[in-house]
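Below are the chains, spelled out letter by letter.
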Protein chains: 2
Amino acid sequence: MATERSFLDRPQGTREEIMNATYYALCEHGYADLTIQRIGEHFGKSKSLLYHHYDGKDDLLLDFLGFMLDEVEQSIPKTISEDAHIHLITIIDRIFLNVGQDQGQEFEKAMVELRAQAAHDSRYQEYFTEHDRFFKHRLIDLIEMGIENGTFREVDPDRVVSFLMAICDGTRTCRTTSNATAIRAIRDELETYIDTRLLVDSRED
Amino acid sequence: MATERSFLDRPQGTREEIMNATYYALCEHGYADLTIQRIGEHFGKSKSLLYHHYDGKDDLLLDFLGFMLDEVEQSIPKTISEDAHIHLITIIDRIFLNVGQDQGQEFEKAMVELRAQAAHDSRYQEYFTEHDRFFKHRLIDLIEMGIENGTFREVDPDRVVSFLMAICDGTRTCRTTSNATAIRAIRDELETYIDTRLLVDSRED
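Next up on the list: the overall build of chain A. Per the secondary structure count, chain A includes 10 helices and 0 strands. Taking all 205 residues of chain A together, the buried fraction comes to 57%. Sequence-distant contacts in chain A: of pairs separated by 6 or more residues, those separated by 24 or more amount to 63%. Only carbon and sulfur atoms are counted for the fraction: they give 45% of the accessible area of chain A, which is about 9100 Å².

Spelled out as structure tokens, the structure:
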């Protein structure tokens, strides 16, 4: 999720300004310490607007997550490259491995915390199910495209994509909650997996 | 973490009784809604003992996590099987994929929540770094054993183990926070990965 997003630089209208404030407050405080009051500190207009629109921080955060998913859906082009392999690596690097700046890392930490809310809050679980469904479909389309044009082997796209998504989720968990030194090793092994499992013409290692 | 643990069935002494109460309270309430008071409801002795021993719920939970890691370290035999492949599959099934009962699922949800605390609490991050280090070393030993006795190919154990651990973490995240239908697909693809990447004598699919 390291794409350029206009609502971060130039929010248009009240809703984008609220989303902007929520993003920066999440990066600064994380989920547990976030309050509507603290979101208000990043918001240029009256805080009473926030209390008027939302029934508490989770209500606001769920709206924010929906907004972010819409943003991502629009910002990821269906076709980045004619080459399905390059396309796949680009998506993995941009979306899942989040090789970003400090701000991106703070946002990723907050996302791991928000995702954990889904363990006991069905509204968050609905959101992340929808989130995963979107990425799964996009990736399955891509694997199918690669199979059709002879770049990828005749794998079961659902299996391979579920596996890729688990690796990316696990990478995110590792980077945000444990020692991040494993990330390079995971990334290298992921390339080997893609080369040996997917590519018809595997490169020499 | 679906091994039999005596402190769950027959806690011995006050500390094990506290750990027992913490386990069941975590399964019942999850992290966010957990309080010392609620742990006390699962504890046979005076609740004041809990307040005496611990400075709040995080202090108690960190002690609990340390206790659980000691339990796991003792309960996982270094050698389950002479066959490194069977050993690996057994560990993955027992420890990471947690094909357990409802109680196991509730505990796994709580663990995902506790892990997310590490995003902003260095005490949890220290614990999960230690937790990951333990499993990583155990798995690297196993991969090296398999390479030495000719079961596994000459892979880089650190890379393969980091990758396997990311898959298992991602599987846990998926199962607890999103639609769990992907789990079977991830497990099937994991077997294919192990067969094609690790095994010298790959089975026919």
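Next comes the rest of the description.
With that settled, the discussion passes to the interface of chain B and chain A. Every contact between the two is made by 40 residues of chain B and, on the other side, 40 residues of chain A. Note on chain B versus chain A: buried area summed over both sides is about 3500 Å², and carbon and sulfur give 58% of it. Run the count over chain B and chain A and you get 4 salt bridges. Salt-bridge contacts for Glu 189 of chain B lead to Arg 197 of chain A; the nearest nitrogen and oxygen are separated by 2.6 Å. Taken together, the links from chain B to chain A amount to 18 residue pairs in polar contact (both at pLDDT 80 or more). Those elements that place two or more of their residues in the side of chain B that touches chain A are helix H7 (102–117), helix H8 (122–148), helix H9 (157–177) and helix H10 (182–198) of chain B. Here the element with the most residues in the side of chain B that touches chain A is H9 of chain B; it accounts for 13 residues. When its residues are assigned to classes, the side of chain B that touches chain A shows 15 nonpolar, 13 polar and 12 charged.

What follows deals with the relation of the copies chain B and chain A. Between chain B and chain A, the superposition needs a rotation of 180 degrees and an axial shift of 0.0 Å, giving an RMSD of 0.0 Å. Both copies are brought into coincidence by an operation consistent with a two-fold rotation axis. Across chain B, the rotation axis passes nearest the C-alpha of Gly 170 of chain B, at a separation of 2.0 Å. Take the interface residues of chain B: 100% of them recur as interface residues in chain A, which is what a same-surface contact looks like.

The next point concerns helix H5 (residues 57–75) of chain A. Quick reminder: α-helices carry 3.6 residues per turn. Residues three or four places apart thus point the same way. Taking 1.5 Å per residue, 19 residues should reach 27 Å; H5 of chain A reaches 26 Å between its end C-alpha atoms and fits that length. Taken together, the buried positions of H5 of chain A are Lys 57, Leu 60, Leu 61, Leu 62, Phe 64, Leu 65, Phe 67, Met 68, Leu 69, Glu 71 and Val 72 of chain A.

Bringing helix H2 (residues 13–29) of chain A into the picture now. Residues and elements named next belong to chain A. Compared with an ideal rise of 1.5 Å per residue, which puts 17 residues at 24 Å, H2 spans 24 Å between its outermost C-alpha atoms and is within 8% of the ideal. Among all positions of H2, only Glu 16, Ile 18, Met 19, Asn 20, Ala 21, Thr 22, Tyr 23, Ala 25, Leu 26, Cys 27 and His 29 are buried. Looking at the residues trailing H2, positive phi occurs at Gly 30, about 75 degrees.

Here the focus is the confidence of the model for chain A. Residue and element names in this part refer to chain A. Looking at chain A as a whole, the pLDDT averages 88, with 89% of positions reaching at least 70. Of all helices and strands in chain A, the one with the weakest mean pLDDT is helix H6 (residues 84–96) (83), whereas helix H3 (residues 36–41) scores best (96). The complex model carries a pTM of 0.91, and its ipTM stands at 0.90.

A few words on the packing of H2 of chain A against H5 of chain A. Residue and element names in this part refer to chain A. It is at 10 Å that the axes of H2 and H5 come closest, and there the two elements cross at 105 degrees. By the angle between their axes, H2 is roughly perpendicular relative to H5. Taking contact as the criterion, the partners of Arg 15, Glu 16, Ile 18, Met 19, Thr 22, Tyr 23 and Leu 26 in H2 are, on H5, Leu 60, Leu 61, Asp 63, Phe 64 and Phe 67.

Inspection of the entire model under this criterion finds 20 aromatic pairs over all chains. Taking the centre distance of 6.2 Å and the plane angle of 80 degrees together, the rings of Phe 64 of chain B and Phe 107 of chain B count as edge-to-face. Remark: Phe 107 of chain B occurs in helix H7 and Phe 64 of chain B occurs in helix H5 (residues 57–75); sequence separation between them is 43 residues. Across this residue pair, the class does not change: Phe 64 of chain B and Phe 107 of chain B are buried. Ring centres of Phe 134 of chain B and Phe 135 of chain B lie 5.1 Å apart, and the angle between their planes is 70 degrees; this geometry places the pair in the edge-to-face category. Chaining the aromatic ring pairs together yields one cluster made of Phe 7, Tyr 23, Tyr 24, Phe 64, Phe 67 and Phe 107 of chain A.

Before going further, it helps to spend a moment on the pattern of salt bridges. Overall, the coordinates contain 31 salt bridges over all chains when judged by the stated rule. For Asp 63 of chain A, the salt bridge is made with Arg 15 of chain A, and the minimal N-O distance between the two is 2.8 Å. Of this pair, Asp 63 of chain A sits in helix H5 while Arg 15 of chain A sits in helix H2, and the two are 48 residues apart along the sequence. On the accessibility criterion, Arg 15 of chain A (40% relative accessible area) is partly exposed. Of the charged contacts, one joins Glu 106 of chain B and Lys 109 of chain B as a salt bridge, the two residues approaching to 3.7 Å between their closest N and O atoms. Here Glu 106 of chain B pairs with Lys 109 of chain B, and both are found in helix H7, just 3 residues apart, close to one helical turn.

The next thing to look at is the environment of Pro 157 of chain A. All names here are of chain A. By the element assignment, Pro 157 lies in helix H9 (residues 157–177). The spatial distance from the C-alpha of Pro 157 to the C-alpha of Leu 190 is 16 Å, given a sequence separation of 33 residues. Excluding its chain neighbours within four sequence positions, the residues that come into contact with Pro 157 are Ile 140, Ile 143, Glu 144 and Ile 147.

Let's shift gears to the packing of H9 of chain A against H10 of chain B. When two helices pack together, you describe them by how their axes are tilted relative to each other and by the distance separating the axes. Across the interface, H9 of chain A lies against H10 of chain B with an axial gap of 8 Å and an inter-helix angle of 90 degrees. Between H9 of chain A and H10 of chain B, the interaxial angle falls into the category roughly perpendicular. Facing Asp 158, Arg 159, Val 160, Ser 162, Phe 163 and Ala 166 of chain A of H9 of chain A, the residues of H10 of chain B in contact are Ala 182, Ala 185, Ile 186, Asp 188, Glu 189, Leu 190, Thr 192 and Tyr 193 of chain B. Grouping the constituent residues of the contact of H9 of chain A with H10 of chain B by class yields 8 nonpolar, 2 polar and 4 charged.

With that settled, consider the nonpolar core. One recurring pattern in soluble globular proteins is that nonpolar side chains are buried together. Within the largest apolar cluster, 128 residues are counted, with the highest numbers of intra-cluster contacts made by Leu 88 of chain A together with Leu 88 of chain B. Among all residues touching Leu 88 of chain B, those that are not within four sequence positions of it are Leu 139, Leu 142, Ile 143, Phe 152, Leu 164, Ile 194 and Leu 198 of chain B.

About the cut-offs
Numbering of residues begins from 1 in every chain and follows the order in which that chain's sequence is written. Chains and ligands are labelled by the order in which they are written, letters from A for the one and numbers from 1 for the other. Reporting of local features is limited, given that this is a predicted model, to residues whose pLDDT is at least 70; pairs of side-chain atoms are given and counted only at 80 or more, and all residues count toward the totals for whole chains, interfaces and linings. Each side-chain value is derived from all of the structure's non-hydrogen atoms; neither hydrogens nor water enter the calculation. Working definition: helices are DSSP H or I runs of at least four residues, strands are E runs of at least two. Numbering for both runs from the N terminus. Only protein chains enter the area calculation, which uses a 1.4 Å probe; residues under 20% of their type maximum are buried, those over 50% are exposed, and those in between are partly exposed. In this description, contact between two residues means that some pair of their heavy atoms is separated by no more than 4.5 Å. Method for areas: the Shrake-Rupley scheme with a 1.4 Å probe, in which residue coverage is limited to the protein chains shown. A 1.4 Å probe defines the accessible area here, and the buried area is the portion of it lost by two parts on being joined, summed over both. Any Lys or Arg side-chain nitrogen located within 4 Å of an Asp or Glu carboxyl oxygen qualifies as a salt bridge. N or O atoms within 3.5 Å of each other form a polar contact, as long as, within protein, one can give a hydrogen and the other can take it, and as long as residues adjacent in sequence are counted only when both atoms are side-chain atoms. Gly is put with the polar residues, along with every residue not named as nonpolar or charged; the nonpolar set is Ala, Val, Leu, Ile, Met, Phe, Trp, Tyr, Cys and Pro, and the charged set is Asp, Glu, Lys and Arg. Here the copies are matched by least squares. The fit uses the C-alpha atoms of residues with pLDDT of at least 70 in both. Expected helix span is taken as 1.5 Å per residue step, with the number of steps being one fewer than the number of residues. Each residue carries a pLDDT score, the predictor's confidence in it, ranging from 0 to 100. Interaxial angle, 0 to 180 degrees, is taken between N-to-C directions of lines fitted to C-alpha atoms, where a helix line uses only the stretch in contact. With respect to orientation, any angle under 35 degrees is reported as roughly parallel, any angle over 145 as roughly antiparallel, any angle of 65 to 115 as roughly perpendicular, and every other angle as oblique. Pairing of aromatic rings covers Phe, Tyr and Trp, the last counted by its six-membered ring, and requires centre-to-centre distances within 6.5 Å; plane angles under 30 degrees mean stacked, over 60 mean edge-to-face, and any other angle means tilted. Take the buried residues of types Ala, Val, Leu, Ile, Met, Phe, Trp, Tyr and Cys, join any two whose side-chain atoms come within 4.5 Å, and each joined set is a nonpolar core.

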